[in-house]
Amino acid sequence: MRRALLSLLAILAGGAKLHAAEQTPLEHGEYLTRAADCAACHSAPGHAAWTGGRAFALPFGTLYSANITPDRETGIGAYTDDEWVEMLHHGIGRGGRHLYPAMPYNSYTLMSRDDALAIKRYLFSLPPVKAPPPPNRMNFPFDQRWLMVGWNLINNPDRRFRPAQDKSAEWNRGAYLVDALGHCGQCHTPRTLTQGLSERQFAGAKQAGWVAYNLTSDKDHGLGGWSDAALVQYLHEGQAPGHGPASGPMAEAVQNSLRYLSDADLHAIVAYLRDVPARADGAASVPATPVAGAGGDDALGARLFAEACAGCHLTDGSGRQSAWAALGGDHSAGDPAGTNLVQVLLHGSELQTTQGLMFMHGFTGAYTHQELAALSNYVIRHFSGRAGTVTAADFAPVGK
Amino acid sequence: MVSITVNGTEYPLDVTEDMPLLWAIRDVIGLTGTKFGCGIAQCGACTVHVDGKPVRSCLYPVGALGDKKVTTIEAIGRSEAGARVQAAWLDKEVVQCGYCQSGQIMSATALLQRNPAPTDADIDQAMAGNICRCGTYVRIRAAIHAAAGTERQG
Amino acid sequence: MNALVARRAVLQAGAAAAGGLLLSLRLPGLARAAPGPASAAASGSASVSGAGFAPNAFIRIDRQGLVTLVMPNAEFGQGIWTSACMLIAEELEVGLDQVTPVAAPPDGASYTDPELGEQATGGSASIRGDWKRLRQAGATGRTMLVQAAANRWGVDPAGCTAARAVVTHGATGRTLGYGALADEAALLPVPKDVPLKPQSAFTLIGTSPRRLDTPAKVNGTAIFGIDVTMPGMGVGTVAACPVKGGRLRAFDEKAARAIKGVRDVVALDDVIAVIGDHMWAAKQGLQAANAQWDEGPNASIGMAQVIAGLDAASKTDGVVAKSHGDATAALDQAAKKLDVVYQLPFLSHAPMEPINTTIHVRPDGADLWVGTQVPVRAQATVAQETGLPIDKVSVHCQVIGGAFGRRLDVDSITQAARIARHVAYPVKLIWTREEDIQHDLYRPYYYDRITAGLDADGRIAAWSHRVTGSSVMARWAPPGMEMDGKLDPDAVEGAVETPYVFGAQKTEYVRHEPDTVTTAWWRGVGPTHNVFVVESVIDELAGLAGKDPVAFRRGLLAPDDKRARAVLDLVVEKSGWGAALPSGEGRGVALQVAFGTHMATVAHVAVGKQGEIRVKRVTVALDCGPVVNPDTIESQVQGGIIFGLTMALYSEITIENGRVLQSNFHDYRMLRINEAPMVDVHIVHNPDGSVGGIGETGTVAAAPALANAIFAATGRRLRRIPFATGQMSEA
Ligand code: FES
Ligand code: FES
């Protein structure tokens, strides 16, 4: 597999050199579709690929992603080029229906018309599937689509990406990948009261129950302590030694999008992120090895860790047999609130990798909320030396 | 085509690289001492050694092996610690149905290879990943102490 | 008194066979029963052959002196093969190192368990059934071999002795090995009622020799059912509809066949199987097949409905299993009263070896390689599903990686036969752990109401216990039902007869079947359920009476019940009962008479600040009458206690939307080594007592001893299993 991985990287790196010029238009469209991570939302478990149907439980209701196969009735088959670009840039679908901003058109607005149409070309090459998504369930007043007009005025910058003249081509490529295609800010940048993206770019934010960590160049809270190589590896594989594995939505981003990017593009992303002004927001990063003598009255947590976790993660967090099972340095273990830890314990996590599917089951049902809280606090103390504040209530379903 | 070395023998296998080692060992090579219990790294029945380290073969793709060497229950007795563990297992009559015991012995051997005199706590730590539905834990603990020569008298 | 014995009685009376399957109604004779051609072919064990000396169904000695013992019971960890060999070898005068045990073929005429009335292994019945018949078998064989030697020498057999498979003439010192005598012995008439050794003469029984099956289990060479490999065999895995009664609606055959190594997709109305060169191909193929189901009428059922149904049923009158005195009147007059509900969940067996069947169906016959507790039923279901005559179905019984009652059912074998009909090659069908847990047949959910009253002296004046739950017996062996088919004797076993004397007692059973699961035997059967309820309530009443739980129990025993007193006294002594403990710790006691064995158990627990339960030590004293292998008894009780603690602390199968929520060990949690207490087992010497079973006694004891210890430690009375998945943190 190591051999396979190396050859895969070689192909990708080679491909990057040739880049757009030597890809067929369709391959180019596919690459951009990956980079824009359309699959993340428009391919949902239990639904045929690209037919949408993925539920987004947002503060104001539940949205379902659209079918983006070229089916004329239920998909995007009827879109003209202009309608398509209008939709991506302004969030206005066919017939003038405003899209809800779960669709990141305030990022896609930066996309070039050429790239937008390349994506359309690729999507139109897919087999059409008739599959109407479930109707959205929005709470009043958010079920009033026309309200989105106001939202767009405030939150959609409506402009195309313009390269910064004082920056390198690599930096600009990275900026385009991160801001226009990858729409990383949608999760990693805190939102304003109207759910638009705030000024605190990449300072980390909580989205759909998960913390998207600080990506700024801050040494203790952001990516300042990461090497370039570690960052590229993390984006490509979903793990890097001393930093733990990606889980939840980040694992999905790696699985569906980032791992397909060329080496050159990954380095471009890193070059751009390195330049994001430091902000000391969020939990501080975590040392790569467990904190010796962290102490604390964690007998229950320690016992549970030995039973349910150490089988894969090992007591010292070095991970049994798989780099994705290594927990040392995992940012999630340094968040005293344990937000992502709670999510992983509740829902598990999975990531398709070059070494097969890496997955963890949720540990609910047979474990009490107290046990899971004790376990979480043990993990936090053991790996970061901090005092976790996870409580049983964190594991209780909302509203119960 | 993947080539893997198990118990000192090299096997070229016509399988995909993502195939878990467990099924390669059992269904392709035909060594059935390594058991399938859960397939999700919870029970330890499938434990084998890869370059001397205990791994869960149900989640270890053959493609990840490279040049690493696999040892299974069929050959663990060739190692000094493995032989001692197996002898202690018979001596203490640990086994009931026996289904989990290949994995238990592989984990116990790995423990003794890195910690020749484990305490009860060390044993709990190293063996908690191996489930025994028949409940042979009391005797597993005793047998590991016996193999290590750390048996308490009385 | 014992449901399984009751069942035997009914079956022997010649009642109709269960579910169209053939139950043997004949006890094994000790007459020369060389297996007929059908059963010889069916055994598949090459070493069982009609040649040489075969004085009965259990012993084969060939001319080379090879001694093969045919094991009437299946080995799945109980050590029964070693114990059974000891029983035969003791009288046959051979060394354990000289015998080779093999599994009996399906042959009800020869191998019906005298306790169960069928060729089956369960109900802790093996030793009870074998104690006499296997010693008799051995003694008969030895007598004939000695006679053959005496004939050859022209001497009085009384002057000859046998040891280690050699007959010696004392006066002359001449010797002949059993092999050399086999042909001549085979021609002799089979003697009747051969006298057995007095226990004082035992050299093997009562000792703890090394088990016979363990060397192969520590070096990886033991072949379990899941390890069977046949030339040309395919390996398959299955998905059945997640909701009982649903139907396969659609699947993607093309995608499944596109997986490298996939050979065949077999889709039946309620199950789909993908067969490949190996399990990985099969698993991936099954995933790619992406089966869609019509879930049918059960798809909306959840636990709330199941429990509400039981609750309603428990308020109706049941069939009266036992009544003496006027319990209602006595309750009215009682000085102190208790009125409580106990609940026990559905349970999955989760043996470590997942369900698997290897089967080859041909136009002219079928071979089945499987670990089963019921070989005759296994053979019958394959015959039924394939339309083959029964004697064309060969069953090769395999070593079993844990059974716990799961393999008393043949549903997976039935399914395998249905699938295997569609392919020409042998196929090994393996259920994933998820399939194993979600398509198990479950221990019934029991909902018990108990009302009891104490008189002014603190004695139990009234005891009224109504058990509500589904009936396994009614499904599995309808003739075993009592009172016009209304009473399931298993459902009330351990509730009808308790170790105690009550002023008045009424024990009832209300049968209530859940719609969405099938229920089955589970380790400890009736007693695992009822002893938990009875012993918990006894503890509650001791508290009400203000008495020490042990003293209270002693006061309730019949004056002549020496066996119960002895185990109670011994466990008190060995457990340090009554000695002071730190706060947050407690000891709990449970007393039981189950499977013919008297047993008293004390659990010592510590309960932490967050309600976490830690079992520190379990002490057991038991009296099972004569002891065959003391080390096996200790091992079985230790394992049984751990098995029972897993249940008491964690086990629960729940249903929502008609499907089982648990799927693997991350949500069907097992006790692990770091939680396992020390378990001390003490045996009361009582060689003249009646023979008791052992395999399930520990499992029975664990929950009540634990519940009572938690009460002692915390003052919290837990009336619902499992204890550790939320109750301790409920307000
Ligand atoms: S089968 Fe691999 S851990 Fe259970
Ligand atoms: S000995 Fe049976 S599962 Fe461990």
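Conventions we followed
Note that residues are indexed from 1 along each chain, following the sequence as it is written. Chain letters start at A and ligand numbers start at 1, both assigned in the order the entries are written. Note on the predicted model: pLDDT of at least 70 is required for a residue's local features to be given, and 80 or more for side-chain atom pairs to be given and counted; whole-chain, interface and lining totals, by contrast, use all residues. Derived side-chain values reflect all non-hydrogen atoms in the structure, with water molecules and hydrogen atoms excluded from consideration. Numbering goes from the N terminus for both helices and strands, where a helix is a DSSP run of H or I of at least four residues and a strand is a run of E of at least two. Three labels apply to residues, based on accessible area from a 1.4 Å probe with only protein chains included: buried if under 20% of the type maximum, exposed if over 50%, partly exposed otherwise in between. In this description, contact between two residues means that some pair of their heavy atoms is separated by no more than 4.5 Å. Each accessible area value is a Shrake-Rupley result obtained with a 1.4 Å probe; residue values ignore everything except the protein chains displayed when judging cover. Axis definition: a line fitted to C-alpha atoms, over the contacting stretch in the case of helices. Angles run 0 to 180 degrees between N-to-C directions. In these notes the angle categories are as follows: under 35 degrees is roughly parallel, over 145 is roughly antiparallel, 65 to 115 is roughly perpendicular, and the rest is oblique. Residue polarity is assigned by list, with Asp, Glu, Lys and Arg as charged and Ala, Val, Leu, Ile, Met, Phe, Trp, Tyr, Cys and Pro as nonpolar; anything else, Gly included, falls into the polar class. Joining two parts hides part of their accessible area as seen by a 1.4 Å probe, and the buried area is that hidden amount summed over both. Here, a salt bridge means any Lys or Arg side-chain nitrogen found within 4 Å of an Asp or Glu carboxyl oxygen. Strand pairing follows a simple DSSP-based rule, namely that at least 2 bridges must link the two strands. Segmentation of the chain into domains, including their bounds, is taken from an automatic or database domain assignment. Here a Phe, Tyr or Trp ring, Trp counted by its six-membered ring, pairs with any other such ring whose centre lies within 6.5 Å, and the pair is stacked when the planes are under 30 degrees apart, edge-to-face when over 60, and tilted otherwise. Each ring is checked for a lysine NZ or an arginine CZ that lies within 6 Å of its centre and within 35 degrees of its normal; such an atom marks a charge sitting over the ring. Two N or O atoms count as a polar contact when they lie within 3.5 Å, although within protein this holds only if one can serve as hydrogen donor and the other as acceptor, and sequence-adjacent residues are included solely when both atoms are side-chain atoms.

**Some remarks on the overall build of chain A**
So, point 1. A tally of helices and strands in chain A yields 15 helices and nine strands.
So, point 2. Here chain A holds 400 residues, and the buried ones make up 52% of them.
So, point 3. Contacts in chain A between residues far apart in sequence, at least 24 positions, make up 64% of those at least 6 positions apart.
So, point 4. Summing over all exposed atoms, chain A offers an accessible surface of approximately 17400 Å²; the carbon and sulfur share of this is 58%.

**A few points about the packing of helix 16 (residues 525-545) of chain C against helix 17 (residues 549-556) of chain C**
Between two packed helices, both the angle of their axes relative to each other and the distance between the axes serve to describe the pair.
Residues and elements named next belong to chain C.
So, point 1. Close contact between helix 16 and helix 17 brings their axes to 9 Å; oriented N to C, the two are set at 105 degrees. Considering their axes alone, helix 16 and helix 17 lie roughly perpendicular with respect to each other. On helix 17, the residues that touch Glu 535, Ile 538, Asp 539, Leu 541, Ala 542 and Ala 545 of helix 16 are Pro 549, Phe 552, Arg 553 and Leu 556.
So, point 2. A class-by-class count of the residues in the contact of helix 16 with helix 17 yields seven nonpolar, no polar and three charged.

**Points about the interface of chain C and chain B**
So, point 1. Opposite the 63 residues of chain C that make contact, chain B presents 50 residues.
So, point 2. Across the chain C to chain B interface the summed buried area is about 4700 Å²; carbon plus sulfur atoms make up 58%.
So, point 3. On inspection of chain C and its partner chain B, the count reaches six salt bridges.
So, point 4. For the salt bridge of Asp 631 of chain C with Arg 139 of chain B, the shortest nitrogen-to-oxygen distance reads 3.1 Å.
So, point 5. It is helix 19 (residues 630-650) of chain C that provides the largest number of residues to the side of chain C that touches chain B, a total of nine residues.

**Section: the interface of chain B and chain A**
So, point 1. Counting residues at the interface gives 16 residues for chain B, matched by 15 residues for chain A.
So, point 2. Summing both partners gives a buried area of about 1600 Å² for chain B against chain A, and 51% of it is carried by carbon and sulfur.
So, point 3. Considering only the side of chain B, the residues that lose the most area to chain A are Gln 42, Arg 56 and Gln 125 of chain B, jointly responsible for 27% of the buried surface there.
So, point 4. It is strand 4 (residues 53-56) of chain B that provides the largest number of residues to the side of chain B that touches chain A, a total of three residues.
So, point 5. Here the residues of the side of chain B that touches chain A sort into nine nonpolar, five polar and two charged.

**Let's talk about the sheet that holds strand 24 (residues 613-623) of chain C**
All names here are of chain C.
So, point 1. With respect to topology, four strands assemble into an open sheet ordered 22-23-24-27, the strand pairing being mixed. Bordering the open sheet on either side are strand 22 (585-594) and strand 27 (678-683), each of which pairs with just one other strand. Across the sheet, the mean angle separating the axes of adjacent strands is 15 degrees when strand polarity is ignored.
So, point 2. With ten bridges joining them, strand 22 and strand 23 (residues 597-607) adopt antiparallel strand pairing. Of the residues in strand 23, the one forming a bridge with Gln 592 is Met 599.

**Details of the domain arrangement of chain A**
All names here are of chain A.
So, point 1. Domain annotation for chain A reports domain 1 (2-155), domain 2 (171-274) and domain 3 (299-395).
So, point 2. A C-alpha centroid distance of 22 Å is found between domain 2 and domain 3.
So, point 3. When domain 2 packs against domain 3, the two sides together hide about 1700 Å² of surface, and 52% of this comes from carbon and sulfur.
So, point 4. Three residues, Trp 210, Tyr 213 and Pro 245, lead the burial of domain 2 against domain 3; their summed loss comes to 33% of the area buried on that side.
So, point 5. At the boundary of domain 2 with domain 3, the tally comes to zero salt bridges.
So, point 6. Only strand 5 (210-212), strand 7 (244-245) and helix 11 (248-256) provide two or more residues apiece to the side of domain 2 that touches domain 3.
So, point 7. Among the residues forming the side of domain 2 that touches domain 3, the class breakdown is eight nonpolar, ten polar and three charged.

**Describing the sheet that holds strand 14 (residues 336-344) of chain C**
Within a sheet, each strand pairs with its neighbour through backbone hydrogen bonds, oriented either parallel or antiparallel.
Residue and element names in this part refer to chain C.
So, point 1. Spatially, 13-21-20-19-14 is the arrangement adopted by the five strands of the open sheet, whose pairing is mixed. Every other strand in the sheet has two partners, leaving strand 13 (319-324) and strand 14 as the edge strands with one partner each. Between one strand axis and the next, the sheet turns by 10 degrees as a mean value, whatever way the strands run.
So, point 2. Note that strand 20 (residues 460-469) and strand 21 (residues 504-511) share eight bridges and pair parallel. Residue Arg 466 lies in a different strand from strand 21, and its bridge partner there is Glu 508.

**Some words on the packing of aromatic side chains**
So, point 1. Inspection of the entire model under this criterion finds 19 aromatic pairs over all chains.
So, point 2. Judged by centre distance (5.5 Å) and plane angle (50 degrees), the rings of Phe 305 of chain A and Tyr 378 of chain A are tilted. Pair noted here: Phe 305 of chain A is in helix 13 (residues 299-313) and Tyr 378 of chain A is in helix 15 (residues 369-384), with a separation of 73 residues, a long-range link. Take Phe 305 of chain A and Tyr 378 of chain A: they sit in the same class, and that class is buried.
So, point 3. With a centroid separation of 5.8 Å and an interplanar angle of 70 degrees, the aromatic rings of Phe 363 of chain A and Tyr 367 of chain A are classed as edge-to-face. Take Phe 363 of chain A and Tyr 367 of chain A: they sit in the same class, and that class is buried.
So, point 4. Three or more aromatic residues link up through ring pairs in this structure, and these residues are Phe 305, Tyr 378 and Phe 383 of chain A.
So, point 5. Directly above the aromatic system of Phe 124 of chain A lies the positively charged group of Lys 120 of chain A, at a separation of 4.4 Å from the ring centroid.
So, point 6. One residue, Arg 133 of chain B, lies across the ring of Phe 404 of chain C, its end atom 5.9 Å from the ring centre.

**Digging into the domain arrangement of chain C**
All names here are of chain C.
So, point 1. Examined at the domain level, chain C breaks down into domain 1 (10-209), domain 2 (225-296 + 355-430) and domain 3 (304-346 + 442-730).
So, point 2. Look at where the C-alpha atoms of domain 1 and domain 3 centre, and you get two points 38 Å apart.
So, point 3. The partner domain 3 presents 22 residues to the 26 residues of domain 1 that form the contact.
So, point 4. Where domain 1 abuts domain 3, roughly 1700 Å² becomes buried across the two surfaces, and 61% of that area is made up of carbon and sulfur atoms.
So, point 5. Put simply, domain 1 and domain 3 have zero salt bridges between them.
So, point 6. Inspection of the domain 1/domain 3 interface yields nine residue pairs in polar contact (both at pLDDT 80 or more).
So, point 7. Counting residues per element, the ones that place at least two in the side of domain 1 that touches domain 3 are helix 1 (3-12), helix 3 (80-92) and helix 5 (126-153).
So, point 8. Counting residues per element, the side of domain 1 that touches domain 3 draws most heavily on helix 3, which supplies four residues.
So, point 9. Classifying every residue of the side of domain 1 that touches domain 3 by side-chain character gives twelve nonpolar, twelve polar and two charged.

**Quick word on the pairing of strand 19 (residues 446-454) of chain C**
Two faces, one strand: in a regular strand the side chains alternate between the faces of the sheet.
All names here are of chain C.
So, point 1. Most of strand 19 is tucked away: eight of the nine residues are buried.
So, point 2. Direction of pairing for strand 14 relative to strand 19: antiparallel, over a ladder of nine bridges. What sits directly across from Leu 338, in strand 19, is Ala 452.
So, point 3. Pairing of strand 19 with strand 20 involves eight bridges; the strand directions are antiparallel. Within the sheet, the bridge partner assigned to Asp 448 lies in strand 20 and is Val 467.
So, point 4. Hairpin connection, strand 19 to strand 20: the antiparallel pair is bridged by five residues, and Gly 458 has positive phi, about 80 degrees.

**Focus: the side chain of Thr 47 of chain B**
Residues and elements named next belong to chain B.
So, point 1. Examined against the element boundaries, Thr 47 turns out to sit in strand 3 (residues 47-50).
So, point 2. By relative accessible area, Thr 47 is classed as buried at 1%.
So, point 3. At 2.6 Å, the side chain of Thr 47 forms a polar contact with the backbone oxygen of Gly 44.

**What about the pattern of salt bridges?**
So, point 1. A complete count under the given rule lists 65 salt bridges over all chains for this structure.
So, point 2. The closest approach of N and O atoms between Glu 252 of chain A and Arg 54 of chain A, which form a salt bridge, is 2.8 Å. Note that Glu 252 of chain A is positioned in helix 11 and Arg 54 of chain A in the loop between helix 3 (38-42) and strand 1 (55-58), a separation of 198 residues in sequence.
So, point 3. The class for Glu 252 of chain A is partly exposed, based on a relative accessible area of 27%.
So, point 4. Taking the shortest distance from any N to any O, the salt bridge between Glu 90 of chain C and Lys 197 of chain C comes out at 2.7 Å. Taken together, the residues Glu 90 of chain C in helix 3 and Lys 197 of chain C in the loop between helix 6 (178-187) and helix 7 (214-218) connect sequence positions 107 residues apart. Of the two residues, Glu 90 of chain C and Lys 197 of chain C, neither departs from the other in class, the shared state being buried.

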